[in-house]
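Residue-level listing of the chains:
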Amino acid sequence: MTVLKIAVVGAGLIGKAHIQTIVNSSECCLAAIVEPSDSVGELAAQHGVPHFLCLQDLLDAAHPDGLILATPNQFHVSQAGFCLNAGIPTLLEKPVAINCEEGLQLAAQVRRTGIPLLVGHHRAHSAIMARACAIVASGQLGQLVSMMGSAQFPKPADYFLEALWRSQAGGGPILINMIHEVHNLRMLMGEITHVQAMSSSVVRGMPVEETVSMSLRFASGALGTFLLSDVAASSHSWEQTSGENPAYARYPDNDCYFIAGTRGSLSIPTMRIRRCIEGQNASWWDPLEQEIVTLDSIDPLMSQLAHFLQVIRGKVSPAVSVVDGLNNLRVVEAIAQAVQTGALVELEQTHD
Ligand SMILES: NC(=O)C1=CN([C@@H]2O[C@H](COP(=O)(O)OP(=O)(O)OC[C@H]3O[C@@H](n4cnc5c(N)ncnc54)[C@H](OP(=O)(O)O)[C@@H]3O)[C@@H](O)[C@H]2O)C=CC1
Ligand SMILES: O=C1CO[C@H](CO)[C@@H](O)[C@@H]1O
């Protein structure tokens, strides 16, 4: 099998993680790094690859088999457009665009060029998510009724000092963090049709939101509540409970999602199932049986890369399409709108 050449654009926090996964893979190699400052010259030299100051310089000089765009959100649509026009399959970090209008333009470009674009919602490649979705799909929980979710964690003070945009509207946890949760919720529970939300920034007092409470309605009729806070000294979040990203502190005995159906419930990621004994009706008088599903831990960034390589080889379609990314963004925009207006916001979906 040919070793595929992958270039990384934007060698910041997540770009460096992508570089490491490429280097760790035997099926691909790093082709180049694009970054506007000379500061990554040393990193490029370490890996024995060229460093370009802008994407256009790379596209003029080379034709990698695939490109990973890990640049700030405002560049996503224009840079992905350049890659698609150059005929290069692309992994574009989330969010797919800074707003749905731009996201729709990108979706049209993907359709026109026919070049595959994978959106970097890496939790779609998580073994925990795969097993949780399989449990829900098996029907053992019965008809889905409700879910509770939490993404409550404390961002340290220097997080805001390093990048001032993070204290302004748009730089908060709704767009940065909630978009990952929305993708997970859509995978587990189906499409979200309505949202209501309230926000607060009473602790730091910055213009950006810090805590948000949400009510969600899913297309199935199930309801959900979700709490998001980046100022809570709490361990109830995906990263802190799943342990998929070793950079975060880990609390394996905590959950971040709880899903309930008419026959049972599932706590994630402890993967505790509590369900009615077969043949018995559900009753609060009778004990539910318990099962804890064990899982091998895998690095979802590594599985995402393996999937991207299959996409490049033409073996599979992107697991997270531009339309999927756009639908996540729609929900996040609806949450922001619900916070601003206090109204119940109804969502429309775009289909592939
Ligand atoms: N899937 C995931 O788990 C995660 C995804 N993300 C997403 O990844 C993207 C990057 O986030 P993050 O790594 O935190 O951001 P960083 O600011 O850490 O990194 C972005 C990098 O891109 C560089 N850059 C800026 N403009 C350009 C350009 N025009 N061409 C090439 N490189 C450029 C920046 O250089 P300079 O600093 O010199 O401007 C910086 O090194 C965001 O879209 C974010 O939402 C982020 C974290 C996790
Ligand atoms: O994009 C990111 C920002 O923070 C998240 C935590 O919610 C991470 O999962 C993610 O990598």
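In this text the structure is predicted, and so the values were computed from the model without any measurement. (Residues numbered from 1 in each chain as written. Chains lettered and ligands numbered in written order. Predicted model: local features only at pLDDT ≥ 70, side-chain atom pairs only at ≥ 80, totals over all residues. Heavy atoms only, no water.)

Student: Pulling in residues and values, what's your account of the UniProt feature "domain: Gfo/Idh/MocA-like oxidoreductase N-terminal" (unreviewed entry) in the chain?
Tutor: The feature "domain: Gfo/Idh/MocA-like oxidoreductase N-terminal" (unreviewed entry), as given by UniProt, occupies residues 4-121 in the numbering adopted here. The span residues 4-121 is 42% helical and 21% strand by assignment, and the distance between its end C-alpha atoms comes to 22 Å. (UniProt positions renumbered as here; feature names shortened; annotations may be inferred. Helix = DSSP H or I, 4+ residues; strand = E, 2+ residues; numbered from the N terminus.)

Student: Please set out the sheet that holds strand 12 (residues 264-268) residue by residue, giving values where relevant.
Tutor: Pairing in this open sheet of nine strands is mixed, and the strands run 14-13-12-11-7-10-9-8-15 from one edge to the other. The open sheet has two edge strands with one neighbour each: strand 14 (289-292) and strand 15 (345-346). Where strand 7 (residues 144-152) lies against strand 10 (residues 223-229), seven bridges are found, and the strand directions are parallel. Paired with Ala151 across the strands is Leu228, a residue of strand 10. In the packing of helix 6 (residues 127-137) onto the sheet, contacts are made with strand 7, strand 11 (257-261), strand 12 and strand 13 (272-275), and the angle to strand 12 comes to roughly 175°. (Pairing = 2+ DSSP bridges. Contact = heavy atoms within 4.5 Å. Axes fitted to C-alpha atoms, helices over the stretch in contact; angles between N-to-C directions.)

Student: I'd like a rundown of the site of ligand 2, residues and numbers included.
Tutor: In the vicinity of ligand 2, the contacting residues are Lys94, His122, Arg123, Asn177, His180, Glu239 and Tyr248. For ligand 2, an oxygen atom lies 3.0 Å from a polar atom in the side chain of His180. Coverage of ligand 2 by the protein amounts to 80% of the 300 Å² it exposes when considered alone. (Near = heavy atom within 4 Å. Polar contact = N/O pair within 3.5 Å; in protein donor to acceptor, adjacent residues only side chain to side chain. Areas by Shrake-Rupley, 256 points an atom, 1.4 Å probe, with all protein chains shown as cover.)

Student: Which residues make up the site of ligand 1, and what are the values?
Tutor: What surrounds ligand 1 is a group of 22 residues, the closest being Leu13, Glu35, Asn73, His76 and Lys94. Leu13 places a main-chain nitrogen or oxygen 2.9 Å from an oxygen atom of ligand 1. Between ligand 1 and Lys94 there is a distance of 2.8 Å, counted from an oxygen atom to a backbone nitrogen or oxygen. Starting from 900 Å² of accessible surface for ligand 1 in isolation, the protein chains cover 72%. Taken together, the residues of the shell around ligand 1 break down into ten nonpolar, nine polar and three charged. (Nonpolar A, V, L, I, M, F, W, Y, C, P; charged D, E, K, R; others polar.)

Student: Talk me through the packing of helix 9 (residues 178-189) against helix 12 (residues 322-341); I want residue IDs and the actual numbers.
Tutor: Two numbers describe a pair of packed helices, the interaxial angle and the distance between the axes. At their nearest, the axes of helix 9 and helix 12 sit 9 Å apart, and the two run at 115° to each other. As for how helix 9 packs across helix 12, the hand of that crossing is right-handed. Between helix 9 and helix 12, the contacting residues are Met178, Ile179, Val182, His183 and Arg186 on the first element and Asp324, Asn327, Asn328, Leu329, Val331, Val332 and Ile335 on the second. (Left-handed = near helix turned anticlockwise from the far one by under 90°.)

Student: An account of the domain arrangement of the chain is needed here, citing residue identities and associated values.
Tutor: The domains assigned to the chain are domain 1 (4-121 + 301-320) and domain 2 (124-296 + 331-346). Taking only C-alpha atoms, the centre of domain 1 and the centre of domain 2 are 28 Å apart. Listed per partner, the contact involves 13 residues of domain 1 and eight residues of domain 2. The largest contributions to the domain 1 side of the interface with domain 2 come from Lys94, Pro95 and His121, which together make up 49% of the buried area. Taken together, domain 1 and domain 2 are joined by zero salt bridges. Applying the counting criterion to the domain 1 and domain 2 interface returns three residue pairs in polar contact (both at pLDDT 80 or more). Split by residue class, the side of domain 1 that touches domain 2 holds six nonpolar, six polar and one charged. (Domains from an automatic or database assignment. Buried area = accessible area lost by both parts, 1.4 Å probe. Salt bridge = Lys/Arg side-chain N within 4 Å of Asp/Glu carboxyl O.)

Student: Before we move on, could you go through the packing of helix 1 (residues 13-24) against helix 11 (residues 300-312) and cite the residues and values that matter?
Tutor: Between helix 1 and helix 11, the least distance of the axes is 10 Å, while the angle of their chain directions is 65°. With respect to helix 11, the element helix 1 is oriented roughly perpendicular. Handedness of the crossing formed by helix 1 with helix 11: right-handed. Residues Ile14, Ala17, His18, Thr21, Ile22 and Asn24 of helix 1 form the contact with helix 11, whose own contacting residues are Leu301, Met302, Gln304 and Leu305. Here the residues of the contact of helix 1 with helix 11 are counted per class, giving six nonpolar, four polar and no charged. (Parallel < 35°, antiparallel > 145°, perpendicular 65-115°, else oblique.)

Student: Can you break down unusual backbone geometry residue by residue, with the values?
Tutor: Along the chain, Lys94 connects to Pro95 via a cis peptide bond; the corresponding omega equals -10°. Looking at where Pro95 falls in the secondary structure, it is placed in the loop between strand 5 (90-92) and helix 5 (100-113). Note that the residue after Ile268, namely Pro269, is joined by a cis bond; omega there is 5°. Residue placement: Pro269 occurs in the loop between strand 12 and strand 13. For Met271, which is not glycine, the phi torsion reads 60° and is therefore positive. Positionally, Met271 belongs in the loop between strand 12 and strand 13. When its relative accessible area of 1% is taken as the criterion, Met271 is described as buried. (Buried < 20%, exposed > 50% of the residue type's maximum accessible area, 1.4 Å probe, protein only.)

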